[in-house]
Amino acid sequence: MLEDIIKAQIKAQGPIDIGAYMMLALGHPQHGYYMKKDPFGAQGDFTTAPEISQMFGEVLAAWIADVWFKVGQPEKWALLECGPGRGTLMADILRTFKAIGVVLPTPYLLEISPVLKAMQQERIAGGVWIDQLDKIPADLPLIVIGNEFLDALPFKQLQKVDDIWMERVVALDQGDALCFGLRPYHGKAPNVHAADGMIFETAPARESFVREVNARAAASLFIDYGHLEAGTGDTFQALYKHEYVDVLTHIGDADLTSHVDFSVLEGRKTEQGAFLKALGIEARAEVLRAKAPVEIDAALHRLTADDQMGKLFKVIGYTNEDIQLAGF
Ligand code: SAH
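Residues numbered from 1 in each chain as written. Predicted model: local features only at pLDDT ≥ 70, side-chain atom pairs only at ≥ 80, totals over all residues. Heavy atoms only, no water.

## Let's talk about the overall build of the protein chain
Next, step 1: When you go through the protein chain residue by residue, the secondary structure sums to twelve helices and 16 strands.
Next, step 2: Relative to the globule expectation of 20 Å for 328 residues, the C-alpha radius of gyration of the protein chain, 20 Å, shows essentially globular dimensions.
Next, step 3: In terms of principal-axis extent, the alpha carbons of the protein chain reach across some 65 × 40 × 40 Å.
Next, step 4: By residue count, 52% of the 328 residues in the protein chain fall in the buried class.
Next, step 5: Residue pairs in contact within the protein chain that sit at least 24 positions apart in sequence constitute 74% of those at least 6 positions apart.
Next, step 6: On the protein chain, roughly 14900 Å² of surface is accessible, and the fraction owed to carbon and sulfur atoms is 52%.
Next, step 7: Taken together, the 30 basic and 45 acidic charged side chains of the protein chain have centroids lying 3 Å from each other. (Helix = DSSP H or I, 4+ residues; strand = E, 2+ residues; numbered from the N terminus. Rg over C-alpha atoms; globule rule 2.2 N^0.38 Å. Buried < 20%, exposed > 50% of the residue type's maximum accessible area, 1.4 Å probe, protein only. Contact = heavy atoms within 4.5 Å. Areas by Shrake-Rupley, 256 points an atom, 1.4 Å probe, with all protein chains shown as cover. Lys, Arg positive; Asp, Glu negative; His and termini not counted. Charge placed at Lys NZ, Arg CZ, Asp CG, Glu CD.)

Here it is in structure tokens:
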């Protein structure tokens with residue numbers, strides 16, 4: 001069992017940081033959460049925007065098409081999706097490109113899970129699966145997207161104790177149960193005002209990944225839950241069958257994420273509801289409503305309403321080109 005493996009590792013080598021714990025829980029080759037099952041949908045642990053409605057992918061396709069037009073409609077180009085899940089978003093985007101006359105890109109997919117990769121392979125014709133950004137030919141114009149990908153990348157939690165920043169780690173208690181502990185932190189102290197006991201999260205791996213993407217791509221678009229302003233607080237969460245559970249339980253069976261701190265990422269930022277509306281999701285819903293009015297209205301509400309995904313989810317767009325990005 002993964003819990004035993006993690007305990008044995010802590011016994012042998014000492015407490016592990018939260019990023020390492022997350023990497024094991026999600027990505028352990030045999031028992032990791034993403035390695036063994038399809039986590040989405042009603043039967044799974046959570047539902048994501050592309051699984052709610054095709055409108056999400058259609059609107060993202062419009063955003064990508066706009067960038068593609070503005071950079072001169074290259075005949076050969078690449079579209080990379082990070083963490084494509086069931087492949088629904090990419091399939092919806094490629095279908096929309098065909099409908100609106102955008103030259104199809106080579107779809108590149110960055111995916112850690114063999115189970116999900118197999119599902120994606122059935123749905124994405126001509127896809128190329130990669131494990132690193134530099135596998136994409138350097139001369140191909142590239143646009144990068146990712147929905148609920150950044151939240152799955154490892155992060156750290158720092159905690160202020162007696163005016164000193166310590167790092168939260170996963171350790172073993174007297175009875176050999178997993179627990180949180182603290183160890184000295186030697187990295188850069190965060191530049192936030194925090195009262196004693198406050199937790200501050202930082203995600204160097206996430207930040208460097210986004211920097212690497214933005215150094216290479218003509219434009220990028222990431223969508224995730226998180227905050228636009230820097231802040232303190234514990235956002236480490238585990239989701240199991242649509243319920244929140246203790247992050248140190250259901251190891252390998254629950255999805256682990258943290259909120260994305262968009263304030264440290266460079267780009268244009270907005271809320272998902274505002275972004276989807278600016279790109280015309282309501283007009284699209286109007287057209288689709290004729291076929292399935294109840295479903296379309298429910299999906300539109302879930303994706304855009306303030307008390308649904310509309311405000312909690314944020315969108316960040318970045319470009320290296322001298323162009324205006326739609327929707328911000
Ligand atoms: N974008 C999809 C899935 C979101 S879940 C949707 O919106 O439905 C997160 C996705 O990222 C999954 O496909 C998961 O397998 C993948 N993933 C998580 N960590 C990853 C990593 N380190 N490298 C590559 N893919 C990863």
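## A short note on the pattern of salt bridges
Side chains that carry opposite charge are capable of pairing whenever their charged atoms lie near each other.
Next, step 1: Inspection of the entire model under this criterion finds 16 salt bridges.
Next, step 2: One salt bridge connects K7 with E3, and the closest N-O pair in it is separated by 3.3 Å. Taken as a pair, K7 and E3 lie in helix α1 (residues 2-13) at a separation of four residues, close to a single helical turn.
Next, step 3: For D234, the salt bridge identified is with R168, shortest N-O distance 3.8 Å. Of this pair, D234 sits in the loop between β10 (219-227) and β11 (237-240) while R168 sits in strand β7 (residues 164-172), and the two are 66 residues apart along the sequence.
Next, step 4: A cluster of three or more residues bridged by salt bridges with shared partners is formed by D17, K156, E167 and R183. (Salt bridge = Lys/Arg side-chain N within 4 Å of Asp/Glu carboxyl O.)

## Considerations on the packing of helix α5 (residues 54-70) against helix α10 (residues 281-289)
Next, step 1: Two numbers describe how α5 lies on α10: the axes approach to 10 Å, and their chain directions differ by 130 degrees. One finds that α5 runs oblique with respect to α10. In this structure, the crossing between α5 and α10 has a hand that is right-handed. Each of Q54, M55, E58 and V59 in α5 lies in contact with α10, whose residues at this interface are I281, R284, A285 and L288.
Next, step 2: Within the contact of α5 with α10, the residues separate by chemical class into five nonpolar, one polar and two charged. (Axes fitted to C-alpha atoms, helices over the stretch in contact; angles between N-to-C directions. Parallel < 35°, antiparallel > 145°, perpendicular 65-115°, else oblique. Left-handed = near helix turned anticlockwise from the far one by under 90°. Nonpolar A, V, L, I, M, F, W, Y, C, P; charged D, E, K, R; others polar.)

## Re α1
Next, step 1: For α1, built from twelve residues, the straight-helix expectation of 16 Å at 1.5 Å per residue is met to within 8% by its first-to-last C-alpha distance of 16 Å.
Next, step 2: Turning to α1, its buried residues are L2, I6 and I10. All buried residues of α1 fall inside an arc of 75 degrees around its axis, so they share one side. Exposed side of α1, more than 90 degrees from the buried face: K11 and A12 are the residues found there.
Next, step 3: In this fold, the buried residues of α1 make contact with β1 (16-17), α2 (18-27), β7 and β8 (178-184).
Next, step 4: Directly beyond the C-terminal end of α1, a positive phi value near 95 degrees is found at G14. (Expected span 1.5 Å × (residues − 1). Arc of directions from axis to C-beta.)

## Observations concerning the packing of α10 against helix α11 (residues 293-304)
Next, step 1: Axis separation between α10 and α11 bottoms out at 9 Å; the angle between their running directions is 165 degrees. With respect to their mutual orientation, α10 and α11 come out roughly antiparallel. Between α10 and α11 lies a crossing whose hand is right-handed. Taken together, the residues of α11 that come into contact with α10 (itself represented by I281, E282, A285, L288 and R289) are P293, I296, D297, L300, L303 and T304.
Next, step 2: A class-by-class count of the residues in the contact of α10 with α11 yields seven nonpolar, one polar and three charged.

## Things to note about the nonpolar core
Next, step 1: Core analysis: the largest hydrophobic core is formed by 45 residues, its most contacted members being L60, W63, I64, L79, I93 and F97.
Next, step 2: Ranked by residue count, the leading element in this core is α5, at ten residues.
Next, step 3: Apart from residues no more than four positions distant in its own chain, L79 is found in contact with I64, M90, I93, F97, P105, T106, P107, Y108, I143 and I145.
Next, step 4: Membership of the second largest hydrophobic core comes to 28 residues, among which are I10, L24, Y34 and L239. (Core = buried A, V, L, I, M, F, W, Y, C linked by side-chain atoms within 4.5 Å.)

## Considering the side chain of S220
Next, step 1: Along the chain, the position of S220 falls in strand β10.
Next, step 2: Relative accessible area serves as the criterion here: at 2%, S220 is assigned to the buried category.
Next, step 3: A distance of 2.7 Å separates the side chain of S220 from the side chain of N214, its partner in a polar contact. (Polar contact = N/O pair within 3.5 Å; in protein donor to acceptor, adjacent residues only side chain to side chain.)

## A word on the site of the ligand
Next, step 1: Near the ligand lie 18 residues; those nearest to it are T48, G83, G85, E111 and N147.
Next, step 2: Between I112 and the ligand, the recorded distance is 3.3 Å, taken from a backbone N or O atom to a nitrogen atom.
Next, step 3: Its free accessible area being 570 Å², the ligand has 93% of it covered by the protein chains.
Next, step 4: Assessed atom by atom at 2 Å from the grid points, the ligand resides in the largest pocket.
Next, step 5: A class-by-class count of the residues in the shell around the ligand yields ten nonpolar, five polar and three charged. (Near = heavy atom within 4 Å. 1 Å grid on protein atoms, 1.4 Å probe; cavity = no way out; pocket = protein on both sides within 12 Å on 5 of 7 lines; lining within 4 Å. Sits in = over half its atoms within 2 Å of the grid points.)

## Focus: empty space enclosed by the protein
Next, step 1: Here the structure, examined in full by the defined rule, presents two cavities of 30 Å³ or more.
Next, step 2: What lines the largest cavity is simply W68, V71, P74, W77, P141, L142, I143 and A218.
Next, step 3: Taken together, the residues that form the lining of the largest cavity break down as eight nonpolar, no polar and no charged.
Next, step 4: Estimated volume of the second largest cavity: approximately 30 Å³.
Next, step 5: Every residue lining the second largest cavity is listed: V210, N214, S220, F222, L265, E266, I316 and Y318.
Next, step 6: The set of elements that each furnish at least two residues to the lining of the second largest cavity consists of α8 (204-216), β10 and β16 (313-319). (Points joined across faces, edges and corners; volume = space filled by probe spheres on them.)

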